[in-house]
Every structure is written in structure tokens, then in C-alpha cells.
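These are the residues of each chain, in order.
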Amino acid sequence: MSACALFTAAASISSAASVNYISNGSFEASGGSFSAWTTTGAVSISSNTFGAPTDGSFKAFISNTSGSVAASILSTFFGGIALPATAGGSAVEGSGIKQTFTIDQPGTLSFDYRYVSQEDIGSSYDETFLVLDGQIITLADSDTLGVTTLTGLPLRYKNGLPYRSVNLDLPAGQHTIGFGTYDTGDASGDSALILDNIQAIPEPGTATFGIGLALVGLLSRSCRRARVRA
């Protein structure tokens, strides 16, 4: 098939491509790792523990168990944000991960998460959260609607949520995204945030628009030259 005949198909493929501006968003690098992420506290990579990953073979496990850091250290790790108290008390200790990235066009931030806990449902203990550009957003805790007793959970975790997906609008520019969990009131009763498939994707058609235009120009000139020679 000639370059001219490929013109439409090639341009279509270019505009349909997408780029994830999050590095190692599914924790698959090096056979499962936090490569490209900065971490603190009790964080690990798991495969099928707490269910299969939503993307690839690995997922992140962030907990407030042994190995967590003091609430003041966790706050500093996220740029000095205030860790909100719950009815069960103030933040005690926890863990987190973060990454800074730049997206060239407006887009969407998306990720899958799951909450599991040793805390009783409705006990008002512990928090799991997202931090985006210095703003903290609660993802789930023992009071979250839908938290229920689950079967087959290891390590004494008894309650939690199935995987949920989040999609947020993301303006162009540099961003810092972070995830974490912390105990409130006391250091007993562990909770954890399970993460996978974190993506920062430009709006459809914007990521490769420039590439598509360049391809169109090259193919267009090639077709014109072919017609002149003919």
C-alpha cells in the first residue's frame, strides 16, 4: 500500500494513541516495585493478596501497621498538610507514597483503590486518602458507606470495600499526587489502602495532536510530489 493510501489510517492511529504521564502507575517496573515513587512508612508491593490487581500483576499496599511513621513525619512527607482527625481521635501514625509529574494538556487522573481494615464498621477510626497538589481528600475509613464485613482477608483484616475507580479532571501543568493511610486515636487496629492502575491521561485527541499534524504534513507533501512526478 502506498504512503498516500496509508494517509487516513495512519492519522487515525496517531490521534487515537494515549500517553500516561504517571510513571509506573501499575507498579509493574522491575517485576513489581515503587520505582518512580517516593515512599515512607509501611508500604509494599503485592500480587494476589486481597484479590487480583486491576491492571497487570502487581499493586501497592499502604498500611498503618508496624513500620509506619509518626503523623508529624507523614504530614511533612506530603508538604506539611494537616491530617484530619476523626471522631475516634487525631492522627497517630501512617504511611504514604507520592510522585510529581507534568501533563502537557488538560486530562483525567484515574486510579483504582480498595480499603481494608481491622477496625469495626462505624468505629470512626483510621483514614485512607489522596493528596493532589497539597489538597487532601478522604477515600475511605471505617465510617464510609458501603464498608462491610468481608471473608477470606488475610492478616486479620475483616472489613472493607471492593475495588472502586476514581476519575478526576486534571489541568495542564505540574502536579504532585500522593496516597496514604493513618491511624487515628491510637496505633491499634490496622487499616490499609490498596492501589492500582494510576493514570494521568490527556483529553482524547490532544496527546498526539502535534504528532498527527506532523504526520499529515509529511504524507500530504509526499502525495503532492507523487502527483507532480506522475
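In case you missed it, the structure is sitting above this.
Structural notes, computed from the coordinates. (Residues numbered from 1 in each chain as written. Predicted model: local features only at pLDDT ≥ 70, side-chain atom pairs only at ≥ 80, totals over all residues. Heavy atoms only, no water.)

1. A word on the overall build of the chain
Summing up its helical and strand segments, the chain has 3 helices and 13 strands in all. Across the 230 residues of the chain, 45% fall into the buried class. Long-range contacts, defined here as pairs at least 24 residues apart, represent 75% of the contacts in the chain between residues at least 6 apart. About 10600 Å² of surface is accessible on the chain, with carbon and sulfur atoms providing 55% of the total. (Helix = DSSP H or I, 4+ residues; strand = E, 2+ residues; numbered from the N terminus. Buried < 20%, exposed > 50% of the residue type's maximum accessible area, 1.4 Å probe, protein only. Contact = heavy atoms within 4.5 Å. Areas by Shrake-Rupley, 256 points an atom, 1.4 Å probe, with all protein chains shown as cover.)

2. Some remarks on the nonpolar core
Membership of the largest hydrophobic core comes to 29 residues, with the highest contact counts inside it found for Trp37, Ile97, Phe111, Ile177, Phe179, Leu195 and Ile198. Those elements that place two or more of their residues in this core are β3 (59-63), β5 (91-103), β6 (107-117), β7 (127-132), β8 (135-141), β11 (164-170), β12 (173-184) and β13 (191-202). (Core = buried A, V, L, I, M, F, W, Y, C linked by side-chain atoms within 4.5 Å.)

3. Focus: the side chain of Ser63
Within the secondary structure layout, Ser63 lies in strand β3. Excluding residues within four positions of it along the chain, Ser63 makes contact with Ala42, Ser68, Gly94, Ser95, Tyr157, Thr181, Ser191 and Ala192.

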